[in-house]
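Single-letter residue listing:
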Amino acid sequence: MTFAPLDRQSVSDQVFGRLRDAVLGGRYAAGEALPSERELATSFGVNRHAIREALRRLQQLGLVRVSQGGATRVQDWRATAGLDLAMALTQAGDVLPVPTLARDMMEMRAGIGADAARLCALRATPSARTAVTEAVEAYAAAVPDLAAMGAADLTVWRRIIEGSGNIAYLLAYNSLTAGDLAVGHVPPHLRAAELLDVAAHRRLAALIADGDATGAEAAARTLLAPPVASVRKAGHR
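Note that this is a predicted model, so its numbers are computed, not measured.

### Considering the side chain of Arg-20
Argument step 1. Structurally, Arg-20 can be placed in helix α1 (residues 11-24).
Argument step 2. For Arg-20, the side chain forms a polar contact with the side chain of Asp-21, separated by 3.0 Å.

Right, here's the structure in full:
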């Protein structure tokens, strides 16, 4: 297989992007070896340093395994990649070759959100509970601007997850929202039922403030369910 030579701007980025797309597009099967650095450098018309940098980035995303002095082999990204792969693709204007990605991300958001609300009600400090309430009121003040409400809603959920004390949830939330991965690529009208339900947001904040873990979990699950259903209905099954 050969690749068309590249222009000289952002050479390593271009090599990375083309090899990434070749791996994700199935041009190389899991376990298959990529061409050698020398062959890739010749094919792309670049130096080997650019090739090494691109391969390093591919390895960081879990797409290949680079063996010192040996072949660089493609990995099964479904078994080795993390959310950073989806983030990198989204920020580049691309998407994973998975038609259900939008649905899957919204389902993950709903699952994390519900449990984080439960933990926040159990663990949050008084100041963290106040921060949730204040974030909800800032979100409510943005009505009826869906875009502004959506941005404020991100802060609401960040405060809830921070209050949960679960660092893994917080890191996952950072991944889900970086580059607008989970929310920005879902049209606002598909989240309208969630974003416009000010009463449900206030009810959730009140349950967290009262330390009602069971009630907070149920309220969060109910609040986050409509966008999942909307995404499914829109065809992202």
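### Here we look at the packing of helix α6 (residues 101-123) against helix α9 (residues 167-177)
Argument step 1. At their nearest, the axes of α6 and α9 sit 11 Å apart, and the two run at 145 degrees to each other. As for the relative orientation of α6 and α9, their crossing is left-handed in sense. Contacts between α6 and α9 involve Met-105, Met-108, Arg-109, Ile-112, Asp-115, Ala-116 and Leu-119 from the first element and Tyr-169, Ala-172 and Leu-176 from the second.
Argument step 2. Among the residues forming the contact of α6 with α9, the class breakdown is eight nonpolar, no polar and two charged.

### Focus on α1
Argument step 1. End to end, α1 covers 20 Å across 14 residues, agreeing with the expected 20 Å (1.5 Å per residue, within 8%).
Argument step 2. With respect to burial, α1 is a largely interior element, 10 of its 14 residues being buried.
Argument step 3. The set of residues buried in α1 consists of Val-11, Ser-12, Val-15, Phe-16, Gly-17, Leu-19, Arg-20, Ala-22, Val-23 and Leu-24.
Argument step 4. Gly-26 sits one or two residues past α1 and shows a positive phi near 85 degrees.

### Quick notes on the packing of aromatic side chains
Argument step 1. Under the definition given, this model contains zero aromatic pairs.
Argument step 2. Sitting above the plane of the Phe-16 ring, Arg-57 keeps its charged end 3.9 Å from the centroid.

### Section: the pattern of salt bridges
Argument step 1. All told, the structure shown has 11 salt bridges when counted by the stated rule.
Argument step 2. Measuring nitrogen to oxygen at the nearest pair gives 3.1 Å for the salt bridge that ties Glu-37 to Arg-52. A residue pair is termed long-range when its members are at least 10 positions apart, and Glu-37 in helix α2 (residues 37-44) and Arg-52 in helix α3 (residues 48-60) qualify at 15 residues.
Argument step 3. Glu-37 gets classed as partly exposed once you look at its relative accessible area, which sits at 22%.
Argument step 4. A relative accessible area of 43% means that Arg-52 is categorised as partly exposed.
Argument step 5. With a shortest N-O distance of 3.4 Å, Asp-153 and Arg-109 are connected by a salt bridge. Taken together, the residues Asp-153 in helix α8 (residues 146-164) and Arg-109 in helix α6 connect sequence positions 44 residues apart. This pair shows no difference in class: Asp-153 is buried, exactly as Arg-109 is.
Argument step 6. Each of Glu-37, Arg-48 and Arg-52 takes part in salt bridges that share partners, so that together they form one network.

### Quick word on the environment of Ala-192
Argument step 1. Assignment of secondary structure puts Ala-192 in helix α10 (residues 192-195).
Argument step 2. Judged by its relative accessible area of 19%, Ala-192 falls in the buried class.
Argument step 3. On a C-alpha basis, the gap between Ala-192 and Met-149 in space is 9.8 Å, while along the polypeptide they are 43 residues apart.

### A short note on helix α12 (residues 213-233)
In an α-helix, one turn spans 3.6 residues, which is why side chains three or four residues apart end up on the same side.
Argument step 1. A rise of 1.5 Å per residue sets the reference length of α12, with its 21 residues, at 30 Å; its end C-alpha atoms lie 31 Å apart and thus fit the reference within 8%.
Argument step 2. In the structure, α12 departs most strongly from a straight axis at Ala-225, where the bend amounts to approximately 30 degrees and where the proline Pro-226 lies between one and four residues downstream.
Argument step 3. Among all positions in α12, only Ala-213, Gly-215, Ala-216, Ala-219, Ala-220, Leu-223, Leu-224, Pro-227, Val-228 and Val-231 are buried.

### What about the packing of helix α11 (residues 198-209) against α12?
Argument step 1. Between α11 and α12, the least distance of the axes is 8 Å, while the angle of their chain directions is 160 degrees. Between α11 and α12, the angle falls in the class roughly antiparallel. In this structure, the crossing between α11 and α12 has a hand that is left-handed. When α11 is examined against α12, the residues Ala-200, His-201, Leu-204, Leu-207 and Ile-208 are found in contact with a partner set consisting of Gly-215, Ala-216, Ala-219, Ala-220 and Leu-223.
Argument step 2. Tallied by class, residues from the contact of α11 with α12 come to eight nonpolar, two polar and no charged.

### Comments concerning the environment of Ala-71
Argument step 1. For Ala-71, the position within the fold is in the loop between β1 (64-66) and β2 (72-74).
Argument step 2. By relative accessible area, Ala-71 is classed as partly exposed at 33%.
Argument step 3. It is 9.2 Å that separates the C-alpha atoms of Ala-71 and Glu-32, two residues lying 39 residues apart in sequence.
Argument step 4. Ignoring anything within four residues of it in the chain, the contact list for Ala-71 reads Ala-33 and Arg-65.

Thresholds applied
- What you see as residue numbers is a count from 1 along each chain, following the sequence as written.
- Local features are withheld for residues below a pLDDT of 70 in this predicted model, meaning they are given only at 70 or higher, and side-chain atom pairs are given and counted only at 80 or more; totals for whole chains, interfaces and linings count all residues.
- Only heavy atoms go into the side-chain values, all of them from the structure, while hydrogens and water stay out.
- Starting at the N terminus, helices and strands are each numbered in turn, a helix being any DSSP run of H or I of at least four residues and a strand any DSSP run of E of at least two.
- What qualifies as a polar contact is a pair of N or O atoms within 3.5 Å, subject to a donor-acceptor requirement within protein and to the restriction that residues adjacent in sequence count only when both atoms come from side chains.
- Lines fitted to the C-alpha atoms define the axes, with helices restricted to the stretch that makes contact. Angles between their N-to-C directions range from 0 to 180 degrees.
- Two helices crossing with the near one rotated counterclockwise from the far one by less than a right angle form a left-handed crossing, whereas a clockwise rotation gives a right-handed crossing.
- Between two residues, a contact is recorded if the distance between any of their heavy atoms is within 4.5 Å.
- Note that Gly is not counted as nonpolar here; it falls among the polar residues with everything else outside the nonpolar set of Ala, Val, Leu, Ile, Met, Phe, Trp, Tyr, Cys and Pro and the charged set of Asp, Glu, Lys and Arg.
- Expected helix span is given by 1.5 Å per residue-to-residue step, counting one fewer step than there are residues.
- Exposure categories follow from relative accessible area, calculated using a 1.4 Å probe and restricted to protein chains: below 20% of the type maximum is buried, above 50% is exposed, and the middle band is partly exposed.
- In summary, the pairing rule links any two rings of Phe, Tyr or Trp, Trp by its six-membered ring, whose centres are within 6.5 Å, and it sorts them by plane angle into stacked for under 30 degrees, edge-to-face for over 60 and tilted for everything else.
- Criterion for a charge above a ring: Lys NZ or Arg CZ within 6 Å of the ring centre, and within 35 degrees of the ring normal.
- The rule for a salt bridge is simple: a side-chain nitrogen of Lys or Arg has to be within 4 Å of a carboxyl oxygen of Asp or Glu.
- Bend at a residue means the angle formed by two fitted axes: the first through the 7 residues ending at that position, the second through the 7 residues beginning there.
- What sets the label is the angle itself: under 35 degrees gives roughly parallel, over 145 gives roughly antiparallel, 65 to 115 gives roughly perpendicular, and the rest give oblique.

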